[in-house]
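Each chain, letter by letter, is given below.
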Amino acid sequence: TNSDVDMAPADIIAMGAHWQISDLWALSARYFHADEGMPNDFIMKTKTGAPLHAEKQKRIEVAIEAAPARYFKPTLTWFNYNFDNQKFVLAAANSVLQTYTVNGETYYYYTEADVLRRGIELAVKGDMASKTSYNVAWTHMFENSSTSSGVTTEGVGYSSPENYFTALLSHSWQHYKANVAVKQVSSWSSSASPVGIQNADLGGYTTVDANIMRSFDLGDSKLTATLYGRNLGDKHYSTRYVTGYYPDRGRTIGAEISMGF
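Residues numbered from 1 in each chain as written. Predicted model: local features only at pLDDT ≥ 70, side-chain atom pairs only at ≥ 80, totals over all residues. Heavy atoms only, no water.

**Side note on the pairing of strand S3 (residues 55–66)**
Phase 1: Sheet topology note: the strand S2 (residues 25–37)/S3 ladder contains 12 bridges and is antiparallel. Residue pairing in the sheet places alanine 26 in a bridge with glutamate 65 of S3.
Phase 2: Where S3 lies against strand S4 (residues 73–89), 10 bridges are found, and the strand directions are antiparallel. Paired with glutamate 61 across the two strands is phenylalanine 79, which belongs to S4.
Phase 3: Hairpin connection between S3 and S4: a loop of 6 residues separates the two successive antiparallel strands. (Pairing = 2+ DSSP bridges. Helix = DSSP H or I, 4+ residues; strand = E, 2+ residues; numbered from the N terminus.)

Structure below.
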């Protein structure tokens with residue numbers, strides 16, 4: 001199906017602006033527009049035989065920043081993402097995904113929906129000391145909905161989390177640098193997979209990661225050795241359910257050596 005077939009043309013426009021209102025306040029905005037056409041090198045069929053339409057995206061972000069002190073620099077961002085004709089695998093009323101067979105191979109039927117994602121992010125960063133910095137952020141989703149055939153389904157708390165929280169603390173001394181990161185994700189209650197849409201207890205976890213690295217100057221090159229730990233609390237959380245939960249592997253300890261020339 002993809003024998004020298006060109007993709008449909010894609011048009012993308014991206015722009016942004018930053019206004020330093022004063023030494024204390026700044027305002028920034030970003031806009032992204034994309035018309036992606038249809039993927040002609042991949043067959044997407046609908047169950048009714050109706051044609052699918054080109055996908056389009058419109059993303060808007062507006063942020064207000066403040067810098068009252070070097071140790072306290074907050075930013076509040078509002079974002080609004082629109083996706084027209086986003087493609088999804090078709091599910092029946094009993095939540096089982098719809099398929100068809102060609103030459104013994106199984107394929108999915110597709111449908112499309114308009115998706116709206118809207119929310120805010122509050123971030124605060126700063127330097128606690130000359131070599132110690134932090135960055136914390138909270139993202140709250142107001143809406144993550146999909147609309148198909150005039151029916152709107154809200155996904156916040158159902159198929160996606162409502163809140164995200166991240167925090168990062170960094171400290172450096174001589175040739176060393178250490179980082180500690182915390183991530184918290186709220187829970188949601190459904191999971192889509194080839195067997196259908198399942199009710200489940202997903203998300204609702206907090207993880208802690210840390211690493212320490214040391215750099216070595218080798219002439220004009222730089223060697224960096226890193227010891228890291230991920231999910232130090234050994235949380236076996238799940239973000240997907242099929243015929244059962246797929247838990248995170250838990251605590252991971254490792255080392256990495258890299259060199260830049």
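**Some points on the nonpolar core**
Phase 1: With 7 residues, the main nonpolar core is built from Val185, Trp188, Ala200, Leu202, Tyr205, Tyr237 and Tyr241.
Phase 2: Of all the elements in the fold, those that place two or more residues in this core are strand S11 (176–193) and strand S12 (196–218).
Phase 3: Of all the elements, S12 adds the most residues to this core, at 3 residues.
Phase 4: Apart from the residues within four sequence positions on either side, tyrosine 237 is in contact with Tyr205, Thr207, Asn231, Tyr246, Pro247 and Asp248.
Phase 5: Ranked by size, the runner-up nonpolar core spans 5 residues in total, among them Phe79, Phe83, Val115 and Met141. (Core = buried A, V, L, I, M, F, W, Y, C linked by side-chain atoms within 4.5 Å. Buried < 20%, exposed > 50% of the residue type's maximum accessible area, 1.4 Å probe, protein only. Contact = heavy atoms within 4.5 Å.)

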